[in-house]
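# Overview (structure and organization)
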Amino acid sequence: MKQAKYVAFSTQKGGAGKTTMTVIVASYLQYVKGYNVAIIDCDHPQYSISGIRKRDAEATVKDEYFKKMAYEQIKRLKKKPYPVTKSKPEDALEVAENMKKKNPDLDFIFFDLPGTANNNDVIHLVSHIEHIITPIVADRVDVVSSLMYAKTINETYVSIGKGKIKSIHMVWNKVDGREKTELYEVYEKVCGENGLPILKTFLPDSKRFRKETTMGRKAVFRSTVFPADKSLVRGSNLDKLVDEVLEIIKT
């Protein structure tokens with residue numbers, strides 16, 4: 001049985017993009033890179049990823065285009081869409097263990113966590129996730145919140161070797177424009193001073209990240225049953241992000 005890696009895009013700041021990143025990275029790994037993944041949706045009460053899976057499932061039944069697309073993908077890859085399972089944070093580790101027993105070929109299990117760090121069940125779950133990536137948006141309030149969250153995890157677990165966390169990184173999301181400005185350099189200096197490395201790859205601010213399998217919208221980006229459309233991946237940095245995440249996990 002493989003030792004499936006536990007990964008989470010995690011922050012306590014809503015709107016930073018953790019759920020979207022979880023979906024697009026998991027789908028790229030599963031449907032493009034050939035890995036076997038699963039998602040445990042712990043983001044009570046909204047369970048956003050479970051909602052995306054429900055819309056995806058409806059689209060592949062009601063829409064002939066997506067129905068055909070799903071059939072051809074299953075035939076080509078010889079595997080069905082990855083599992084998305086709801087769970088309360090306190091039950092998530094047990095759910096993950098059961099997943100691994102049912103599917104011993106799993107490479108990665110992604111956890112979509114609630115946007116809070118003030119809950120003992122969530123804290124316990126976080127301490128068992130091996131690789132944490134915290135999305136940050138270049139807004140002072142957002143940066144401070146995400147920085148404090150990552151700093152707490154780093155000081156409480158990573159730096160002293162407590163828990164099972166092997167790495168924690170920050171990643172810029174919703175970057176305005178093609179190049180980062182001096183503002184980002186200031187924030188990156190602060191992150192560096194707090195021992196929080198930032199990924200080289202950043203994701204731009206783009207409407208493509210919201211494109212789902214809704215009726216009449218054929219080029220999808222955020223989906224649990226399809227990878228991001230190739231035409232939309234260009235310029236999104238998704239492929240580069242996945243490669244960098246894989247490099248960190250395999251190190």
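One can find the structure itself at the top, above this paragraph.
Note that the structure is a prediction, hence the values are computed from the model and not measured. (Residues numbered from 1 in each chain as written. Predicted model: local features only at pLDDT ≥ 70, side-chain atom pairs only at ≥ 80, totals over all residues. Heavy atoms only, no water.)

A word on the pattern of salt bridges. Applying the stated criterion across every chain, the model contains 9 salt bridges. Here Glu64 and Lys67 are joined by a salt bridge, their closest N and O atoms 3.3 Å apart. Pair noted here: Glu64 and Lys67 are both in helix H3 (residues 64-77), with a separation of 3 residues, about one helical turn. The class for Lys67 is partly exposed, based on a relative accessible area of 35%. Among the salt bridges present, the one from Lys166 reaches Glu130, with a minimum N-O distance of 3.5 Å. Of this pair, Lys166 sits in the loop between helix H6 (140-158) and strand S6 (167-172) while Glu130 sits in the loop between helix H5 (120-126) and strand S5 (131-136), and the two are 36 residues apart along the sequence. Since its relative accessible area comes to 13%, Glu130 is described here as buried. Taken together, the shared-partner salt bridges in this structure form one network comprising Lys18, Asp43 and Asp112. (Salt bridge = Lys/Arg side-chain N within 4 Å of Asp/Glu carboxyl O. Helix = DSSP H or I, 4+ residues; strand = E, 2+ residues; numbered from the N terminus. Buried < 20%, exposed > 50% of the residue type's maximum accessible area, 1.4 Å probe, protein only.)

It is worth spelling out the pairing of strand S1 (residues 5-9) at this point. Across the 5 residues that make up S1, a large majority, 4, are buried. For S1 and strand S4 (residues 108-112), the ladder comprises 3 bridges, and the chain directions are parallel. Its bridge partner being in S4, Val7 is matched across the sheet by Phe110. As paired strands, S1 and S5 are joined by 3 bridges and run parallel to one another. In the sheet register, Val7 faces S5, and the bridge partner there is His131. (Pairing = 2+ DSSP bridges.)

With 6 of 6 residues buried, S6 is to be regarded as a mostly interior element. Covered by surrounding structure in S6 are Ser167, His169 and Val171 together with Ile168, Met170 and Trp172, the residues of both alternating faces. Bridge count for S5 against S6 is 6 bridges, and the pairing is parallel. When the sheet's bridge partners are listed, Ile136 is paired in S6 with Trp172. Taking the sense of rotation as the criterion, the β-α-β connection linking S5, H6 and S6 turns out right-handed. (Right-handed = clockwise from strand over helix to strand, strands pointing away.)

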